[in-house]
Amino acid sequence: MVETDQAWPSTPAEALRLLLEGNQRFVDGTRMHPNQDADHRTALAPAQRPFAVLFGCSDSRLAAEIIFDRGLGDLFVVRTAGHVLGPEVLGSIEYGVAMLDAPLIAVLGHDSCGAIAATLDALRDGQTPGGFMRDIVERVMLSVLTVREKALADSEAAVEEHVRYTVEMITQRSTVIADRLAQGKVGVVGLSYRLAEGSVRRVAGHGV
């Protein structure tokens, strides 16, 4: 199935609806595999027109096009371990919004996240991992500290707070995104994914 121009989302709410409908198909086992045929691949080659920027964790179980039942050119995907933000990430997200005109930014966290687990371990014993993994833990720590006791008792509280924190950081640090958000041209939503169920639920959002 190839979406028509009339069906293609032009508002944050429409883009979120399309994203969530795809996830529901994935959960139900009724995936449509849209925009994955050879004709669409050829038509898409000159230019891309994604309807959402998906910023998620690098976890191998979090393949965006699969869990949202989308295809080529639908999602502009940016992934880092623990969906931690940096200049390159923000620049990539800004490109998807400002240059590709995507009306939605979705931040995707999940349960059983290794970056969250490492951060909680660091909170408990005061030891951070070596190498550049330490940078990831330190960035996640900034969000987890605000719910320290809840997070140590239930890692899901850490996951949700880190998603909320990431959403706020995107809207606060990027003037490009903040301006488009104020104009109603883009929405930013935070989603939490459950690995065993395959489902997502909304935990934060602006403009949608």
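See above for the structure.
Treat the numbers as computed from the prediction; the structure is a model and nothing was measured.

Quick notes on the nonpolar core
Now for step 1: Formed by 37 residues in total, the largest nonpolar core has its most connected members in Leu19, Phe51, Phe68, Leu108 and Leu191.
Now for step 2: For this core, the secondary-structure elements that each account for two or more residues are α1 (12–28), β1 (52–57), α3 (64–67), β3 (104–110), α5 (114–125), α6 (133–144), α8 (155–173) and β4 (187–194).
Now for step 3: The biggest single contributor to this core is α5, with five residues.
Now for step 4: Listed in part, the 23 residues of the second largest apolar core include Leu85, Val89, Leu100 and Val186.

Focus on the pattern of salt bridges
Now for step 1: With the rule as written, the count across this model stands at 14 salt bridges.
Now for step 2: A salt bridge links Arg194 to Glu156, with the nearest nitrogen and oxygen atoms 3.8 Å apart. A residue pair is termed long-range when its members are at least 10 positions apart, and Arg194 in strand β4 and Glu156 in helix α8 qualify at 38 residues.
Now for step 3: Its relative accessible area of 29% is what places Arg194 among the partly exposed residues.
Now for step 4: Between Arg164 and Glu160 there is a salt bridge, with its nearest N and O atoms 3.3 Å apart. Here Arg164 pairs with Glu160, and both are found in helix α8, just four residues apart, close to one helical turn.
Now for step 5: Judged by relative accessible area, Arg164 falls into the partly exposed class, the value being 30%.
Now for step 6: In the salt-bridge network here, residues are joined through shared partners; they are Glu156, Glu160, Glu161, Arg164, Arg194, Glu197 and Arg201.

A short note on the packing of α6 against α8
Now for step 1: For the pair α6 and α8, interaxial distance at closest approach is 8 Å and the crossing angle is 95 degrees. By the angle between their axes, α6 is roughly perpendicular relative to α8. On the side of α6, the interface is formed by Arg139, Val140, Leu142, Ser143 and Val144, while α8 contributes Ala158, Glu161, His162 and Tyr165.

About the cut-offs
Residues numbered from 1 in each chain as written. Predicted model: local features only at pLDDT ≥ 70, side-chain atom pairs only at ≥ 80, totals over all residues. Heavy atoms only, no water. Core = buried A, V, L, I, M, F, W, Y, C linked by side-chain atoms within 4.5 Å. Buried < 20%, exposed > 50% of the residue type's maximum accessible area, 1.4 Å probe, protein only. Helix = DSSP H or I, 4+ residues; strand = E, 2+ residues; numbered from the N terminus. Salt bridge = Lys/Arg side-chain N within 4 Å of Asp/Glu carboxyl O. Axes fitted to C-alpha atoms, helices over the stretch in contact; angles between N-to-C directions. Parallel < 35°, antiparallel > 145°, perpendicular 65-115°, else oblique. Contact = heavy atoms within 4.5 Å.

That is the geometry; function is a separate question.
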